[in-house]
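Structural overview
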Amino acid sequence: MTVMRLPTLLYSSAARTATPTAAQFAAGGNRGMHLVINVTAVTDTPSVVPTIDGYDAASNTWYNLLTGAAIVATGTTVLKIYPGIATVAGAAASDVIPQTVRLVMTHADADSITYSAAAHLVG
């Protein structure tokens, strides 16, 4: 049986104009995740690209698991990683998450965008 865990808040809701420090978290032995990004306000023409990376402790290297499409408007974006799901470019990857994962929210310009992000781990 697949169990969805309580969410891990990665970024609280705030207006941002630049790429924040990557939010790193432990997967706790879970196999996958839903990453929920909720954008509540935009000013001018912001663009932010979410990237989910895994960490390989043996080589001290981060590697890409999924890069989402650019977010440019208010609304909710969900990125999914889980073994066996259909792969959708910029939205879903059929993969297993490693023990350590991070979210990077790369801003394209200094226009303000207000968002929060949470990881919902799936066992």
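What follows deals with unusual backbone geometry. Positive phi values are uncommon outside glycine, yet D44 reaches one of about 65°. Relative accessible area serves as the criterion here: at 63%, D44 is assigned to the exposed category. In this structure, N60 is a non-glycine residue whose phi angle is positive, near 55°. Tracing the sequence through the fold places N60 in the loop between β4 (48-56) and β5 (61-67). The exposure class assigned to N60 is exposed, which follows from its relative accessible area of 57%.

To continue, consider the packing of aromatic side chains. Taken as a whole, this structure holds two aromatic pairs when the rule is applied. Where Y11 meets Y115, the ring centres are 6.2 Å apart and the plane angle is 85°; that geometry is what we call edge-to-face. Of this pair, Y11 sits in strand β1 (residues 8-16) while Y115 is found in strand β9 (residues 113-122), placing the two residues 104 residues apart along the sequence. Residues Y11 and Y115 agree in their burial class; the two are buried. Ring centres 4.9 Å apart and planes at 50° place the aromatic pair Y55 and W62 in the tilted group.

Before going further, it helps to spend a moment on the pattern of salt bridges. Considering all chains together, one arrives at one salt bridge under this definition. Across the salt bridge formed by D53 and R102, the nearest N and O atoms sit 2.9 Å from each other. Of this pair, D53 sits in strand β4 while R102 sits in strand β8 (residues 100-107), and the two are 49 residues apart along the sequence. Note on D53: relative accessible area 7%, which makes it buried.

The rules behind each value
- Residues numbered from 1 in each chain as written.
- Predicted model: local features only at pLDDT ≥ 70, side-chain atom pairs only at ≥ 80, totals over all residues.
- Heavy atoms only, no water.
- Buried < 20%, exposed > 50% of the residue type's maximum accessible area, 1.4 Å probe, protein only.
- Helix = DSSP H or I, 4+ residues; strand = E, 2+ residues; numbered from the N terminus.
- Phe/Tyr/Trp six-rings, centres within 6.5 Å; stacked < 30°, edge-to-face > 60°.
- Salt bridge = Lys/Arg side-chain N within 4 Å of Asp/Glu carboxyl O.

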